[in-house]
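Okay, here's what each chain looks like letter by letter:
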Amino acid sequence: MNSNSSRRTVLASVAAIAAGLPTLNAVTGSGATPAAAADQYGSNTELYTRTAAKEGADWVRRFRIGAPVQVTDNARGTSSPVSSTAVIAPHGGGIEAGTSELCMAIAGYTPFEADTDPASAAVPGEPQRDYWMFEALANSAAQHVTSTHCDDPAALAVCTGNLYAVSLHGFDDTAVKKIVIGGRDERLKRNLLAAFTKYALTSPAAKADWNVTVAFAGATDPINGDDPANIVNRTRTGAGAQMELSTALRKAMFGDFSSAARRRTTAGVPSPDSPYADHFWNGFVNAVREAIKNHELSLDSL
């Protein structure tokens, strides 16, 4: 690849960072404990059954399940990525705000409203990936279903139909910008760390206001995402990568974080409240897209 030299420079720094990288126990603030014990519904099926009349008012689910496509690689000097990575947001809408918009963007779309033709929001030059989102429109906290209990048939079809998956989550820390990387796919997790480093989403950053604490979740951490039943790990390889983003980081990505409609229109748009929204939004979206592409090429960051 033409970027080998720059890539080596980035990866050398990533290797040094990873050696001393804190685990989640060292960096989590309030709100990091999973909500499973407080869930009102034991599965998506139970939620849908008991609240069927509220679909479209209290909640929606959106997904794309792609048809198999032929991929041929016969070039001598380059490798074609096997584009088979799902992007999911199990707690979108008002539950873990901002994760729906990030899911759409990483999957290759400009964030769009329900009832919109996704094709009209496709980002030119980016692959459009399979995605699944559950979005709470009202009564948000009541509609949290922990990821190990997710049995939505579309979510299962999206994840089991792909080799890999990434999931977007949020936890309640309004003071510090943080990313906690979990899941069972160790190579994908390393590629994510490398990409976050490349796009200046680490600490210390060039500007103090850009500092982001990045941590690998440890084996005993409460949101490590390594349970085989976690929907992100229900892939054809049995593994995926889960990203937990603090409220402070998610808010910093949007000019106006106050509602879904405003998040869609101000993603990456700086404002007096979020002067670096373009840095955090574009950096995160581009980093995850690049990590996925490198993973699909079987590259390893360390």
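Up top you'll find the structure we're talking about.
Parameters and conventions
Residues numbered from 1 in each chain as written. Predicted model: local features only at pLDDT ≥ 70, side-chain atom pairs only at ≥ 80, totals over all residues. Heavy atoms only, no water. Salt bridge = Lys/Arg side-chain N within 4 Å of Asp/Glu carboxyl O. Helix = DSSP H or I, 4+ residues; strand = E, 2+ residues; numbered from the N terminus. Buried < 20%, exposed > 50% of the residue type's maximum accessible area, 1.4 Å probe, protein only. Expected span 1.5 Å × (residues − 1). Core = buried A, V, L, I, M, F, W, Y, C linked by side-chain atoms within 4.5 Å. Contact = heavy atoms within 4.5 Å. Disulfide = S-S within 2.5 Å. Phe/Tyr/Trp six-rings, centres within 6.5 Å; stacked < 30°, edge-to-face > 60°. Lys NZ or Arg CZ within 6 Å of the ring centre and 35° of its normal. Axes fitted to C-alpha atoms, helices over the stretch in contact; angles between N-to-C directions. Parallel < 35°, antiparallel > 145°, perpendicular 65-115°, else oblique. Left-handed = near helix turned anticlockwise from the far one by under 90°. Nonpolar A, V, L, I, M, F, W, Y, C, P; charged D, E, K, R; others polar.

A. Highlighting the pattern of salt bridges. With the rule as written, the count across this model stands at 15 salt bridges. A salt bridge links Glu 126 to Lys 293; the shortest N-O distance between them is 3.3 Å. One end of the pair, Glu 126, is in the loop between helix H4 (99-106) and strand S3 (131-136); the other, Lys 293, is in helix H9 (residues 277-296), with 167 residues separating them in the sequence. Classification of Lys 293 as partly exposed rests on a relative accessible area of 29%. Salt bridges sharing partners connect three or more residues here, namely Glu 126, Arg 289 and Lys 293.

B. Focus on helix H6 (residues 186-198). The end-to-end C-alpha distance of H6 is 19 Å, a good match for the 18 Å that 13 residues give at a rise of 1.5 Å each. Within H6, burial applies to Leu 188, Lys 189, Asn 191, Leu 192, Leu 193, Ala 194, Ala 195, Phe 196 and Thr 197. Phi for Ala 200, located one or two positions after H6, is positive at around 60 degrees.

C. Layout of the nonpolar core. Leu 192, Phe 196, Met 243, Met 253 and Phe 284 are the most contacted members of the largest nonpolar core, which has 45 residues in total. Of all the elements, H9 adds the most residues to this core, at eight residues. Residues in contact with Phe 196, not counting those within four places in the same chain, are Ile 179, Ile 181, Leu 201, Thr 202, Val 214, Met 243, Phe 284, Ala 287 and Val 288.

D. Representation of the state of the cysteines. All chains considered together, the criterion is met by zero disulfides. In this structure Cys 150 is a free cysteine whose sulfur lies 7.7 Å from that of Cys 159, the closest cysteine sulfur available. What makes Cys 159 buried here is its relative accessible area of 0%.

E. Looking closely at the packing of aromatic side chains. Under the criterion given, the structure shown has ten aromatic pairs. Taken together through their ring pairs, the aromatic side chains of Tyr 48, Trp 59 and Phe 134 make up a single cluster. Positioned over the ring face of Phe 257 is Arg 263, at 5.4 Å from the centre of the ring.

F. View of the packing of H6 against H9. Close contact between H6 and H9 brings their axes to 8 Å; oriented N to C, the two are set at 140 degrees. Classified by the interaxial angle, the pair formed by H6 and H9 is oblique. Here the hand of the crossing between H6 and H9 comes out right-handed. For the pair formed by H6 and H9, the contact residues are Arg 187, Leu 188, Asn 191, Leu 192, Ala 195, Phe 196 and Lys 198 on the first element and Phe 284, Ala 287, Val 288, Glu 290, Ala 291, Asn 294 and His 295 on the second. For the contact of H6 with H9, the residue count by class is eight nonpolar, three polar and three charged.

G. Representation of the environment of Tyr 164 within the structure. On the secondary structure map, Tyr 164 appears in strand S4 (residues 164-171). Tyr 164 sits in the buried class, given a relative accessible area of 11%. Once you skip the residues sitting within four places of it in the chain, Tyr 164 turns out to touch Ser 84, Thr 85, Ala 86, Asp 185, Arg 187, Thr 235, Thr 237, Ala 239, His 295 and Glu 296.

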